[in-house]
Amino acid sequence: MTQKLKRIDPYWHSHPMIPTGVAIGAILALVGYLKSAFPIAVGGGVIAGLAILLATRPVLSAVLGTLGLAGGLLSFVVVPNLSAAGMSLGLKLVATLMFAIFYMVLMDALVLVLAVLYNLFSHTLGLSAVHLEFEAAEEPSAE
């Protein structure tokens, strides 16, 4: 059986204020960075990150957060790079947690952008979509 992947839907909430929150948070973060106002930059980043997390289904965030945690542990604890080699274990764990959160938010944003582009090209522009082939599974025998 051949199926056509018509639309990718990784969205959890699709309220119009969510993209607005991402845009406002990104603008605040950029202005805070350019003006060297650390609290404004951090606040803008937090607003944008929360909006991205609200837009993405929780299972995607959990999977990407787990990958970020594994990557952070590998980068900071198991095989630390030169800048992390002199850090204490507590600082390495904080760096790992921060890496996992940043990785999760950035990859969630990437998945959302990829879904928008795929849906635009396949549905709106009418380009050929991905075709998936499924075959029927045999029922296990109860012996």
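As the structure is a computational prediction, the values presented were derived from the model and not from experiment.

Participant: Hey, could you run me through the packing of helix α2 (residues 38–55) against helix α4 (residues 89–124) in this one?
Facilitator: Working note: a packed helix pair is described by the angle between its axes plus the distance between those axes. Their axes nearest at 9 Å, the elements α2 and α4 cross at an angle of 55°. Taken as axis vectors, α2 and α4 run oblique relative to one another. Relative to α4, α2 is oriented so that their crossing is left-handed. Where α2 approaches α4, its residues Gly49, Ile52, Leu53 and Ala55 are matched on the opposing element by Met104, Val105, Asp108, Ala109 and Leu112.

Participant: Would you mind showing me how to read the packing of helix α1 (residues 17–34) against α2 here?
Facilitator: In contact at an axis separation of 7 Å, α1 and α2 are set at 160° when each is read in the N-to-C sense. Considered as vectors, α1 and α2 are oriented roughly antiparallel to each other. Crossing hand, α1 versus α2: left-handed. Between α1 and α2, the contacting residues are Ile18, Gly21, Val22, Gly25, Ala26, Leu28, Ala29, Gly32 and Tyr33 on the first element and Ile40, Ala41, Gly44, Gly45, Ile47, Ala48, Ala51, Ile52, Leu54 and Ala55 on the second. Broken down by class, the residue content of the contact of α1 with α2 amounts to 14 nonpolar, five polar and no charged.

Participant: When you look at helix α3 (residues 58–78) in this model, what are you seeing that I'm missing?
Facilitator: Since one α-helical turn is 3.6 residues long, residues separated by three or four positions face the same way. Look at α3: 28 Å from first C-alpha to last across 21 residues, which is about the 30 Å you get at 1.5 Å a residue. Ser61, Leu64, Gly65, Gly68, Gly72 and Phe76 are the residues of α3 that are buried. One face of α3 carries all of its buried residues, which in axial projection span an arc of 105°. Of the exposed residues in α3, those oriented more than 90 degrees away from the buried face are Val59, Thr66 and Val78. Looking at the buried positions of α3, the neighbouring elements they touch are α2 and α4.

Participant: Is there a simple way to explain a nonpolar patch on the surface in this structure?
Facilitator: A cluster of nonpolar residues, Val94, Leu97, Met98, Ile101, Phe102 and Leu106, forms a patch on the protein surface that exposes about 590 Å² of accessible area. Within the secondary structure, Ile101 is located in helix α4.

Thresholds applied
Sequence positions are assigned chain by chain, starting from 1 and proceeding in written order. With pLDDT at 70 or above as the cut-off, local features in this predicted model cover only qualifying residues; side-chain atom pairs require 80 or more to be listed or tallied, and sums for whole chains, interfaces and linings still use all residues. Note: side-chain values were computed over all heavy atoms of the structure, leaving out hydrogens and water. In this description, a line fitted to the C-alpha atoms serves as the axis of each element, helices being fitted only across the stretch in contact, and the angle between N-to-C directions of two axes falls anywhere from 0 to 180 degrees. Numbering of helices and strands runs from the N terminus, with a helix taken as a DSSP run of H or I at least four residues long and a strand as a DSSP run of E at least two residues long. Orientation labels follow simple angle bins: below 35 degrees gives roughly parallel, above 145 gives roughly antiparallel, 65 to 115 gives roughly perpendicular, and whatever is left gives oblique. A clockwise turn of the near helix away from the far one marks a right-handed crossing, whereas an anticlockwise turn of less than a right angle marks a left-handed crossing. For this analysis, residues touch if any pair of their heavy atoms sits within 4.5 Å. The nonpolar class holds Ala, Val, Leu, Ile, Met, Phe, Trp, Tyr, Cys and Pro. Asp, Glu, Lys and Arg form the charged class, and all remaining residues, Gly among them, are polar. To estimate the expected span of a helix, subtract one from its residue number and multiply by 1.5 Å. Summary of the burial criterion: residues with accessible area below 20% of their type's maximum are buried, those above 50% are exposed, and those between are partly exposed, where the area comes from a 1.4 Å probe applied to protein chains only. By construction, the arc corresponds to the directions joining the helix axis to the C-beta atoms. The patches reported here contain residues having more than 30% relative accessible area and no salt bridge. Joining distances are 9 Å for like charges and 5 Å for nonpolar side chains (Val, Leu, Ile, Met, Phe, Trp, Tyr). Areas reported here follow the Shrake-Rupley algorithm with a probe of radius 1.4 Å; residue values treat only the protein chains shown as occluding. Throughout this description, the term salt bridge denotes a Lys or Arg side-chain nitrogen within 4 Å of a carboxyl oxygen of Asp or Glu.

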